[in-house]
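One-letter residues, chain by chain:
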Amino acid sequence: MTATSTSSATARYITQVEEYGAHNYHPLPVVVHEAFGAWVTDVDGKRYLDCLAAYSAVNFGHGHPVLVDAARAQLDRVTLTSRAFHNDVLGPFLEGLARLAGKDMVLPMNTGAEAVESAIKIARAWGYRVKGVEHDRAKIVVAHGNFHGRTTTIISFSNDPDARADFGPFTPGFVSVPYGDAAALEALLDDDVVAVLLEPIQGEAGIIVPPADYLPAVRRMTRERNILFIADEIQSGLGRTGATFQCDNAGVIPDLYLLGKALGGGIVPVSAVVGDASVLGVLRPGEHGSTFGGNPLAAAVGLAVVGLLETGDYQRRAAELGEHLLGSLRALVGHGVVAVRGAGLWAGIDIDPALAGGREVCEALAARGVLAKDTHGSTIRLAPPIVVEREELDWAVEQLVAVLAELGA
Ligand SMILES: *Cc1c(COP(=O)(O)O)cnc(C)c1O
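Residues numbered from 1 in each chain as written. Predicted model: local features only at pLDDT ≥ 70, side-chain atom pairs only at ≥ 80, totals over all residues. Heavy atoms only, no water.

As recorded in an unreviewed UniProt entry, the protein goes by the name ornithine aminotransferase, listed as coming from Lysinimonas soli. Of the protein, the UniProt comment under Pathway (unreviewed entry) reads exactly: "Amino-acid biosynthesis; L-proline biosynthesis; L-glutamate 5-semialdehyde from L-ornithine: step 1/1." (UniProt positions renumbered as here; feature names shortened; annotations may be inferred.)

Here it is, written out as structure tokens:
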């Protein structure tokens, strides 16, 4: 989809965004006007199958009636009180999410990055107050290729040059090891390490699935050494991988779950740190907070999201559809596709770099009515809303096959 093939309405709109918006994104030239379920419609009435789902924030589909109704009902009552007072929806949300996760407590925040930042503070405070680490010595171990958000502290432990380049000086207290290498991790675990922070599957890195014994090994070695295991499930959690958490698939229970994206149902930003009282209980009044965190509108939507997940239907559907999707994609290996990785309804597809870059493939897919997103050169990822139909997935794969054929595969 080159600029010449876009309509004048689309071109006008994109020019406006480029003129008045900061240039921190490079979107595909698609201007969405409305969306329902797995489909979005652009300003010219062209329809696209959404195979990104806002990076899994729209796991339950656009405009899910149960979630929209919950938001609408709350809009008519009260939307913001701040935590200076109680509101009557936060409690049910906190209890529901804690139960869903099998943990004691929830710290509600807004964006994913805030959940990560909160967990870093909690882990450090836990290290000093509970584990007995000497003040200002706490270390948190992370993995190469991580993506945990965009704040100054979080980019301090990224190894993506674009994320970091001119944004130093960086926050100290982090060490990074190769992802998926339990022995390399173990070698770094000394008495000053308070936490290991990992994505159970690295999303932005290209849907990197670690070896099956990796997360169990991390769990064992952190437990043996009294170190917290923090699982960033902001993208992998809440149904995407065919389970409530990807940690369930790996057979591990972390000390803290970090949740975001789909927790807000695609309606409002809602994030959370979920853990046991022995860890989350370290926070005292005045030490941490957020004006919007736990607001009634967010809590109403978050509670409705928990309700959708309680049945297990979405998790099962993602597992079944995902197996089907990954099967069809794996059949393309050797035909313009170099490798396919994934779990549940979440796929990373390495396109043969000799054929095209990921961006080019995504532009060609958009022209054919499939929205997907490239990451790191020639990888594209698919993460359609879980409400997508099997036939729609088959159609999307057909479009990919057609694009690869056009490119000469
Ligand atoms: C998206 C994401 C974040 C950051 O979430 P924001 O809401 O964009 O701040 C953190 N961790 C992971 C794994 C993510 O995918």
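Following the structure, the description resumes.
Novice: How should I be thinking about the site of the ligand in this particular structure?
Specialist: The environment of the ligand is formed by Thr111, Gly112, Ala113, Phe147, His148, Gly149, Glu199, Asp232, Ile234, Gln235 and Lys261. Glycine 112 is positioned with one of its backbone polar atoms (N or O) 2.8 Å from an oxygen atom of the ligand. When the free accessible area of the ligand is taken as 390 Å², the share hidden by the protein chains comes to 81%. When grouped by side-chain class, the residues that make up the shell around the ligand number three nonpolar, five polar and three charged. (Near = heavy atom within 4 Å. Polar contact = N/O pair within 3.5 Å; in protein donor to acceptor, adjacent residues only side chain to side chain. Areas by Shrake-Rupley, 256 points an atom, 1.4 Å probe, with all protein chains shown as cover. Nonpolar A, V, L, I, M, F, W, Y, C, P; charged D, E, K, R; others polar.)

Novice: Could you clarify how one ought to interpret the side chain of glutamine 202 in this entry?
Specialist: Checked against the element boundaries, glutamine 202 lands in the loop between strand S7 (193–198) and helix H9 (214–224). Beyond its immediate stretch of four places on either side in the chain, glutamine 202 contacts Ala143, His144, Gly145, Asn146, Tyr179, Ile207 and Ile208. (Helix = DSSP H or I, 4+ residues; strand = E, 2+ residues; numbered from the N terminus. Contact = heavy atoms within 4.5 Å.)

Novice: Honestly, the pattern of salt bridges in this entry has me stumped. Any pointers?
Specialist: Side-chain pairs of opposite charge can arise whenever the charged atoms involved come near each other. If you walk through the whole model with that rule in mind, you get 17 salt bridges. Between arginine 137 and aspartate 192 there is a salt bridge whose closest N-O contact spans 3.0 Å. Here aspartate 192 lies in the loop between helix H8 (182–188) and S7 and arginine 137 lies in the loop between helix H5 (112–131) and strand S5 (139–143), a separation of 55 residues in the sequence. Lysine 139 is the partner of aspartate 190 in a salt bridge, and the nearest nitrogen-oxygen pair spans 2.7 Å. Taken together, the residues span a long stretch of sequence, with aspartate 190 in the loop between H8 and S7 and lysine 139 in strand S5 at a distance of 51 residues. For aspartate 190, a relative accessible area of 31% puts it in the partly exposed group. Here the salt bridges do not stand alone but share partners, grouping Glu186, Arg220, Glu224 and Arg225 into one network. (Salt bridge = Lys/Arg side-chain N within 4 Å of Asp/Glu carboxyl O. Buried < 20%, exposed > 50% of the residue type's maximum accessible area, 1.4 Å probe, protein only.)

Novice: What's the story with the packing of aromatic side chains in this structure? I'm lost.
Specialist: For any two aromatic rings, the description comes down to two numbers: the centre-to-centre distance and the angle of the planes. Taken as a whole, this structure holds five aromatic pairs when the rule is applied. Plain terms: the ring middles of phenylalanine 60 and tyrosine 314 are 5.2 Å apart, the flat faces sit at 90° to each other, and that makes the pair edge-to-face. Of this pair, phenylalanine 60 sits in the loop between helix H2 (53–56) and helix H3 (65–75) while tyrosine 314 is found in helix H13 (residues 313–330), placing the two residues 254 residues apart along the sequence. Its relative accessible area of 2% is what places phenylalanine 60 among the buried residues. On the accessibility criterion, tyrosine 314 (14% relative accessible area) is buried. Just above the ring of phenylalanine 170 sits the side chain of arginine 164; from NZ or CZ to the centre is 4.0 Å. (Phe/Tyr/Trp six-rings, centres within 6.5 Å; stacked < 30°, edge-to-face > 60°. Lys NZ or Arg CZ within 6 Å of the ring centre and 35° of its normal.)

Novice: How should the pairing of strand S4 (residues 105–109) be read in this particular structure?
Specialist: In the case of a regular strand, side chains alternate between the two sheet surfaces. Where burial is concerned, most of S4 is hidden: four out of the five residues are buried. Looking at chain direction, S4 and strand S10 (residues 271–275) are connected through five bridges and run antiparallel. Opposite valine 106, over in S10, you have valine 274 as the bridge partner. (Pairing = 2+ DSSP bridges.)

Novice: What is the right way to read the nonpolar core from this model?
Specialist: Across soluble globular proteins, you tend to see nonpolar side chains buried next to one another. In terms of nonpolar packing, the biggest core is built from 88 residues, with Leu97, Leu198, Leu263, Leu329, Ile349 and Leu400 touching the most fellow members. Sort the elements by how many residues they give to this core and helix H12 (residues 296–310) lands first, with ten residues. Two domains each donate at least three residues to this core, and these are domain 1 (8–63 + 313–406) and domain 2 (65–310). Here leucine 97 is in contact with Val106, Leu259, Leu263, Ala272, Val274 and Val306, once residues within four sequence places are set aside. Counting residues in each nonpolar core, the second largest holds 31 residues, with Ile122, Ile234, Val273 and Val282 among its members. (Core = buried A, V, L, I, M, F, W, Y, C linked by side-chain atoms within 4.5 Å. Domains from an automatic or database assignment.)

Novice: It is not clear to me how the domain arrangement of the protein should be interpreted in this structure. Could you clarify?
Specialist: Think of interface size as the accessible area that goes away when the parts come together; that is how it is often given. When cut into domains, the protein gives domain 1 (8–63 + 313–406) and domain 2 (65–310). In this complex, domain 1 contributes 28 residues to the contact, which on the side of domain 2 involves 30 residues. In terms of surface lost to domain 2, no three residues of domain 1 exceed Phe60, Gln315 and Trp346, which account for 34% of the buried area on that side. Summed over the shared surface of domain 1 and domain 2, the number is one salt bridge. Note that arginine 381 and glutamate 204 form a salt bridge whose closest N and O atoms lie 2.9 Å from each other. Counting residues per element, the ones that place at least two in the side of domain 1 that touches domain 2 are H2, H13, strand S11 (337–342), strand S12 (347–351) and strand S15 (379–382). Looking at the side of domain 1 that touches domain 2, its residues break down into 16 nonpolar, ten polar and two charged. (Buried area = accessible area lost by both parts, 1.4 Å probe.)

Novice: Please explain the sheet that holds S7 as it appears in this structure.
Specialist: The pairing of strands in a sheet happens through backbone hydrogen bonds and is either parallel or antiparallel. On the basis of which strands lie adjacent, the open sheet formed by seven strands has the order S4-S10-S9-S8-S7-S5-S6 and mixed pairing. Looking at strand neighbours, the two that pair on one side only are S4 and strand S6 (174–177), the edges of this open sheet. For this sheet, the mean angle separating the axes of adjacent strands, direction not counted, is 20°. (Axes fitted to C-alpha atoms, helices over the stretch in contact; angles between N-to-C directions.)

Novice: Can you help me understand the pairing of S5 in this one?
Specialist: Burial within S5 is extensive, with four of its five residues counted as buried. Across three bridges, S5 lies against S7 in parallel orientation. Residue pairing in the sheet places lysine 139 in a bridge with valine 193 of S7. Note that S5 and S6 share four bridges and pair parallel. Within the sheet, the bridge partner assigned to valine 141 lies in S6 and is valine 175.

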